[in-house]
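# Per-entry structural report
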Amino acid sequence: MNVILVYPAIAGAGFGCLGRRPWSPETHLIHHGLASLGACLAAAGHAVDLIDLRALRGWGGFCRAVRSRDSALWGISVTSPERDIALRCAHIIRQEHLGARVVVGGAHPSVCPSDFTADPAIDHVIQGEGELALVVLVDALLRGESPPQVWRGAAPDLDALPFVARELFDVGAELRGGFYPTRLGLPTPMVTLIAGRGCRYNCAFCQPAERAVFGPRVRRRSIDHVLAELRVLRERYAFRSLMIHDDCLLEDRAWALRFAEAYASEFGQPWFCQARADIVAGDEDLIRALREAGLAALSIGFESGSDRVLRLLHKGTTVAQNRWAAEVCRRLGVRVFGNYMLGLPSETPAEMMATAQLVRDMEGAVALRSVSVYAPSPGSALYEQCRRDGLLLQDGPAGYRRDRLGGKVAGVDYIAVDRAMACALGLSPARAALRRWTAHPAVRCVVEPLRALGSVQAGLDTVRRVVYRL
Ligand code: B12
Ligand code: SF4
């Protein structure tokens, strides 16, 4: 069967953002979930194609892309902020190909299947991991059977999966890297990789939604399997840096050390992964060993400068660990991407300022920082608590993004959020508020073309200056 996958990741940067400025984490990277589904379908003998909305100019472009393809099955990947975009895609597909089936999967359908089951444009919802389930669905459709509307995909043996089909995406954009390599000083071409799935921690802004996708156990690929993929990537793309997306690569110390040793014996390219402050602060020897094996940077969720807020988040870390983790990285020469949140339910202005102060204090150790406004994510414990307490100000995609306009949680003092943001980033409060407002897609629609005009103007000015000098 011919299957078409859809990546609707335009909630943040909009249509046409693929590989373009202004760079954000969303503008360049491939989506490993879809690339893995594509590889499994291909391995089962099916033809696969992908529509990446980031590469299109608008909804007209999507309609044309849908019209020009023919398929009996269309699969859309959905995160919560993209729910309505995905539904719009499904309606267009339904309109253009009346008899085709539409299946959705990903983080949002895994926790909120009812957002899709009532919609006439959606035929199937697969919760959890989709590799095995999607192949079963295609086979059932080919046999003329009608599988259930909602079902949970079984977790695959990660070592038995084919390497992800990166070529479905514009790999060139990922190789050029954009946001991460530029901001963290990593060389390009850069590739991304997933070495495992699942997380054993219990952060209330994330769990149990993460487990709704990957199940209760952490599963990691064998080191041989990971290295075999890296050899292919070296051969194919001559990559010069590597980013590993796993939720917490370092939680299995023994695996991390064995990987580092094996990687260093064959690869010299610097690499980057996500970690937790308690692990980094508590195990300097581990970080040193990884540093010697090419670890160049760590993304760490410091989240808050208040111990009460860290407890509220069930983060399992302390402010002292945050500070020490940053210090360990500074001493070992590991660059840090620090992530912080403001605007949590019940957070006081003083606690927000404590986070701002933490950001300022860590300036010397943190190469890149992201201070976001907390947005309750469906399926997480904190979202459920906000929902039960009637605190959700926008229970929809606009409310689920961490960088969008408007208040998310009732009772949060957003003036204080702007003030703390300004202090953290060294901006005036007015600029901090403006930054938050200009993140709104409607505002971006106006601002981006003006910015583009600005760069055309700047380009013309440069040419003029050069000509005058000649
Ligand atoms: C890497 C990453 C990113 C990267 C790259 C995104 C990408 N292209 O993959 C960047 C930094 C760009 C990013 C951005 C954001 N991310 Co992000 N990201 C991740 C992370 C850490 C890994 C993703 C991954 O590769 N997982 C491994 C693959 C194999 O799993 P998967 O993609 O979920 O796919 C499997 C299943 O979900 C399912 N499936 C997926 N799609 C489909 C489709 C069909 C048809 C079927 C049948 C099955 C199916 O099958 C797949 C294979 O088993 C996850 C956390 C996590 N552990 O997954 C968060 C995560 C996906 N991100 C999240 C969020 C919120 C965001 C942002 C919206 C943040 C923001 N600014 O507010 C943005 C925008 C997201 C976007 N547009 O894609 C949330 C989503 C929560 C939710 N309820 O939707 C997650 C789960 C983190 C979290 N716990 O909060 N992210
Ligand atoms: S935020 Fe990260 S460490 Fe915490 S539970 Fe989620 S994936 Fe695990």
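Each remark here, short or long, concerns the structure printed above.
This one's a predicted model, so the numbers in the text were calculated from it and none came from an experiment.

## Digging into the overall build of the chain
- Regarding its fold elements, the chain presents 21 helices and 14 strands.
- Whereas a compact globule of 470 residues would reach a radius of gyration of roughly 23 Å, the chain reaches 23 Å, a difference of no more than 12%.
- Overall size of the chain, expressed as C-alpha extent along the three principal axes, is 65 × 65 × 50 Å.
- Expressed as a percentage of its 470 residues, the buried residues of the chain come to 44%.
- Nonlocal contacts in the chain, meaning residues at least 24 apart in sequence, comprise 77% of its contacts between residues at least 6 apart.

## Describing the pairing of strand 12 (residues 295-303)
- Burial runs high along strand 12: eight of the nine residues are buried.
- Taken together, the five bridges between strand 11 (residues 271-275) and strand 12 define a ladder with parallel strand orientation. In the strand pairing of strand 12, Phe272 is matched with Ala297.

## Focus: unusual backbone geometry
- In this structure, Pro22 follows Arg21 across a cis peptide bond, with omega equal to -5 degrees.
- As for its placement among the helices and strands, Pro22 is situated in the loop between strand 1 (2-7) and helix 1 (32-43).
- Across the junction of Gln207 and Pro208, the peptide omega takes the value 5 degrees, indicating a cis bond.
- Turning to its location among the elements, Pro208 is positioned in the loop between strand 8 (196-197) and helix 9 (209-214).
- Unusually for a residue other than glycine, Ala238 sits at a positive phi of about 45 degrees.
- Tracing the backbone shows Ala238 in the loop between helix 10 (223-237) and strand 10 (241-244).
- Residue Ala238 is classed as exposed on the basis of its 11 C-beta neighbours within 10 Å.

## Some points on the sheet that holds strand 11
- One open sheet accounts for six strands, arranged 7-10-11-12-13-14; its pairing is parallel. Two strands in the sheet have a free side with no partner beyond their single neighbour: strand 7 (190-193) and strand 14 (366-373). Each strand of the sheet is rotated relative to its neighbour by a mean of 20 degrees, with strand direction disregarded.
- When strand 12 meets strand 13 (residues 335-342), the two strands line up parallel, connected through six bridges. Its bridge partner lying in strand 13, Leu298 is registered against Val336.
- The sheet contacts of helix 19 (residues 414-425) involve strand 13 and strand 14, and relative to strand 14 the element is tilted by about 175 degrees.

## Topic: helix 17 (residues 381-388)
- Taken together, the buried positions of helix 17 are Leu382, Tyr383 and Cys386. An end-on view of helix 17 places all buried positions within 105 degrees of arc, on one side of the element.
- Where helix 17 terminates, the next one or two residues include Gly390, which has phi positive at roughly 65 degrees.

## Looking at the site of ligand 2
- All residues in the neighbourhood of ligand 2 are listed as Cys199, Tyr201, Asn202, Cys203, Cys206, Gln207, Glu210, Asp247, Cys248, Arg276 and Gly301.
- Of the residues belonging to the shell around ligand 2, the class tally is five nonpolar, three polar and three charged.

## Observations concerning the packing of helix 2 (residues 59-67) against helix 3 (residues 83-96)
- In the contact formed by helix 2 and helix 3, the axes pass within 10 Å of each other and the chain directions differ by 45 degrees. By the angle class used here, helix 2 and helix 3 are oblique. Both helix 2 and helix 3 take part in a crossing whose hand is right-handed. Between helix 2 and helix 3, the residues in contact are Phe62, Cys63, Val66 and Arg67 and Cys89, Ile92, Ile93 and Glu96, respectively.
- When grouped by side-chain class, the residues that make up the contact of helix 2 with helix 3 number six nonpolar, no polar and two charged.

Criteria and cut-off values
- Note that residues are indexed from 1 along each chain, following the sequence as it is written.
- The naming scheme follows written order: chains are lettered A onward, ligands numbered 1 onward.
- Thresholds applied to this predicted model are a pLDDT of at least 70 for local features of residues and 80 or more for the giving and counting of side-chain atom pairs; totals over whole chains, interfaces and linings are not thresholded and use all residues.
- A helix here means a DSSP run of H or I that spans at least four residues, while a strand means a run of E at least two residues long, and both kinds are numbered starting from the N terminus.
- Between the two quantities, the radius of gyration covers C-alpha atoms and the globule rule is 2.2 Å times the number of residues to the power 0.38.
- Once C-beta atoms are placed from the backbone, each residue is buried if 20 or more other C-beta atoms lie within 10 Å of its own, exposed if 12 or fewer, and partly exposed for counts between those two.
- A residue pair is marked as a contact if its C-beta atoms, positioned from the backbone, fall within 7 Å.
- For two strands to pair, DSSP has to find at least two bridges joining them.
- Axis definition: a line fitted to C-alpha atoms, limited for helices to the stretch in contact. Angles are taken between N-to-C directions and run from 0 to 180 degrees.
- The arc in question is traced by the directions running from the helix axis to the C-beta atoms.
- Being near a molecule or strand means, for a residue, that its backbone-placed C-beta atom lies within 6 Å of it.
- Charged means Asp, Glu, Lys or Arg here, nonpolar means Ala, Val, Leu, Ile, Met, Phe, Trp, Tyr, Cys or Pro, and polar covers whatever is left, Gly included.
- Angle categories are assigned with fixed cut-offs, so that under 35 degrees is roughly parallel, over 145 is roughly antiparallel, 65 to 115 is roughly perpendicular, and the rest are oblique.
- Note: crossing handedness is left-handed where the near helix turns anticlockwise from the far helix by less than a right angle, and right-handed where it turns clockwise.

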